[in-house]
Amino acid sequence: MEQVDEGLFRGTPSPEWDIWGPMGGYIASFALRAVGATAGELQPAAFSCHYLGVARPEPVDIEVHHAKPGRTAASSTVTITQTGRPILNAMIWAVGPNEGLEHDESVAPDVPGPDELRPMSELMPEGSAAPVPFWNNIESRPITFDATRPPEGPSPAVWQQWLRFRGTPTFADPWTDAARSVVLIDLPSWPAAVRPHAWQRPPFTAPTLDLNVAFHRPALDEPWLLCDGAAPVSTRGMFGWRANVWSPGGALHASGGGQCLYRRMR
């Protein structure tokens, strides 16, 4: 991604991050990082967006507008378009140093750590390729795994995996670090929602309508992050999901979720 003018950026989504098209959290990270490039010493606090279209692996235009500049808290809006077609609208809060009350009552899931689990590459049948290009970018170690396709029956709508980005697993820049959490909060939506139904091979996809992420603390020195997702309600042609991002020490780094809209496959 490059800056082409004040508040204007351009980037090109890579097909190497495709699932049904460019992975939603990956596209959202363009908006987050554009704000980070203009935020000075401020750090990411909250991100929300609406997905308006599916981008192609061609240049996108990213426009940042600082709706409320500030030294303690600043709000920005971002639009991503491609040849004039809307792709994403986002709102982002950035914050500076501030004092306040301190507590942490979050409880990490009681699951094995990444060093106690086998990588997906060893669990899949020999010679298996990644199901979509996206998975070539991330090393996965699932908490539970069933190689039977389709599975023999329904499973709970829960999806938990330890994940580590390949190439560069951690980033010193807090905005690039937060982009990892944006990707991981977006990731478990469909994998969690389909688990009660996968045994019936449902003829649906589920484009994401919106994504919301709260950044609690950076994970600058944590290559392995637990993506802890669930989709407890699926009704009215939609499902909602929620997700948390944990590090091996049990710290909660980000939380969020969103809703997806079913589309019948042709």
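Definitions and cut-offs
- Residues numbered from 1 in each chain as written.
- Predicted model: local features only at pLDDT ≥ 70, side-chain atom pairs only at ≥ 80, totals over all residues.
- Heavy atoms only, no water.
- Salt bridge = Lys/Arg side-chain N within 4 Å of Asp/Glu carboxyl O.
- Helix = DSSP H or I, 4+ residues; strand = E, 2+ residues; numbered from the N terminus.
- Buried < 20%, exposed > 50% of the residue type's maximum accessible area, 1.4 Å probe, protein only.
- Pairing = 2+ DSSP bridges.
- Axes fitted to C-alpha atoms, helices over the stretch in contact; angles between N-to-C directions.
- Contact = heavy atoms within 4.5 Å.
- Phe/Tyr/Trp six-rings, centres within 6.5 Å; stacked < 30°, edge-to-face > 60°.
- Core = buried A, V, L, I, M, F, W, Y, C linked by side-chain atoms within 4.5 Å.
- Parallel < 35°, antiparallel > 145°, perpendicular 65-115°, else oblique.
- Left-handed = near helix turned anticlockwise from the far one by under 90°.
- Nonpolar A, V, L, I, M, F, W, Y, C, P; charged D, E, K, R; others polar.

Chemist: What is the right way to look at the pattern of salt bridges in this model?
Modeler: Following the criterion strictly, the structure yields 7 salt bridges and no others. The closest approach of N and O atoms between Arg217 and Asp104, which form a salt bridge, is 3.0 Å. Residue Arg217 is found in the loop between strand 10 (208-215) and strand 11 (225-235), and its partner Asp104 is found in the loop between strand 6 (85-95) and helix 2 (120-123); the two are separated by 113 residues along the sequence. In this structure Arg217 comes out as partly exposed when scored by relative accessible area, which is 35%. Across the pair Arg118 and Glu122 runs a salt bridge, and its minimum N-O distance is 3.5 Å. Judged by its relative accessible area of 46%, Glu122 falls in the partly exposed class. Because the salt bridges share partners, they merge into one network encompassing Glu139, Arg141 and Arg164.

Chemist: Would you take a moment to explain the pairing of strand 7 (residues 138-142) for this structure?
Modeler: Consecutive residues of a regular strand have side chains that alternate between opposite faces of the sheet. Most of strand 7 sits inside the fold, with 5 of its 5 residues counted as buried. In this structure, strand 7 lies alongside strand 8 (residues 158-165), joined through 5 bridges in antiparallel fashion. Bridge pairing in strand 8 links Ser140 to Leu163.

Chemist: Which parts of the structure should I look at to understand the sheet that holds strand 8?
Modeler: Through backbone hydrogen bonds, the strands of a sheet pair up, either in parallel or in antiparallel fashion. In spatial order, the strands read 1-2-4-5-6-3-10-13-12-11-8-7; together these 12 strands make up an open sheet with antiparallel pairing. Of all strands in the sheet, those with a lone pairing partner are strand 1 (2-5) and strand 7, marking the two edges. Sheet twist, expressed as the average angle between the axes of neighbouring strands with direction ignored, equals 25°. Each of strand 3 (43-51), strand 6, strand 8, strand 10, strand 11, strand 12 (238-246) and strand 13 (252-261) is contacted by helix 3 (residues 174-186), which is oriented at about 135° to strand 10, the strand it contacts most.

Chemist: What is the right way to look at the environment of Gly36 in this model?
Modeler: Counting through the fold element by element, Gly36 comes out in helix 1 (residues 24-36). Taking C-alpha positions, Gly36 is 31 Å from Gly113, a pair spaced 77 residues apart along the chain.

Chemist: So what exactly am I meant to see when it comes to the packing of aromatic side chains here?
Modeler: Describing an aromatic ring pair means giving the distance of the ring centres and the angle of the ring planes. Under the counting rule described, the total for this entry stands at 11 aromatic pairs. Between Trp17 and Phe134, the ring centres sit 5.7 Å apart and the planes meet at 70°, which makes this aromatic pair edge-to-face. Of this pair, Trp17 sits in the loop between strand 2 (8-11) and helix 1 while Phe134 sits in the loop between helix 2 and strand 7, placing them 117 residues apart in sequence. Exposure remark for Trp17: the relative accessible area of 16% places this residue in the buried category. Judged by centre distance (5.6 Å) and plane angle (65°), the ring pair of Trp20 and Trp190 falls under edge-to-face. Of this pair, Trp20 sits in the loop between strand 2 and helix 1 while Trp190 sits in helix 4 (residues 189-193); the two residues are 170 residues apart in sequence, bridging distant segments of the chain. Residue Trp190 is classed as buried on the basis of its relative accessible area of 18%.

Chemist: Could you clarify how one ought to interpret the nonpolar core in this entry?
Modeler: The biggest cluster of nonpolar side chains holds 62 residues, and the ones touching the most others in it are Phe47, Ile80, Leu88 and Leu211. Among the elements that take part in this core, helix 1 stands out by supplying 8 residues, more than any other. Phe47 has contacts with Ala28, Ala31, Leu32, Ala90, Met91, Ile92, Leu211, Asn212, Val213 and Phe215, leaving out every residue within four places of it along the chain. Counting residues in each nonpolar core, the second largest holds 7 residues, with Leu117, Ile143, Trp224 and Trp246 among its members.

Chemist: Would you mind showing me how to read the pairing of strand 5 (residues 73-82) here?
Modeler: Pairing of strand 4 (residues 60-68) with strand 5 involves 7 bridges; the strand directions are antiparallel. Residue pairing in the sheet places Ile62 in a bridge with Ile80 of strand 5. The hairpin formed by strand 4 and strand 5 contains 4 residues between the paired strands. Strand direction decides the pairing type here: strand 5 and strand 6, joined by 10 bridges, are antiparallel. Each residue of the ladder has a partner; that of Ala73, found in strand 6, is Val95. The antiparallel pairing of strand 5 with strand 6 creates a hairpin that spans 2 residues between the two strands, and Thr83 there sits at a positive phi of about 45°.

Chemist: Please clarify how the packing of helix 1 against helix 3 should be interpreted in this entry.
Modeler: Describing two packed helices takes the angle between their axes plus the distance from one axis to the other. Put simply, helix 1 and helix 3 touch, their axes get as near as 8 Å, and they point 155° apart. By the angle between their axes, helix 1 is roughly antiparallel relative to helix 3. Considering only the axes of helix 1 and helix 3, their crossing is right-handed. Touching Gly24, Gly25, Tyr26, Ala28, Ser29, Leu32, Arg33, Val35 and Gly36 of helix 1 are Trp175, Thr176, Ala178, Ala179, Val182, Val183 and Asp186, all from helix 3. Of the residues contributing to the contact of helix 1 with helix 3, the split by class is 9 nonpolar, 5 polar and 2 charged.

Note that all results are geometric; they support no functional claim without further evidence.
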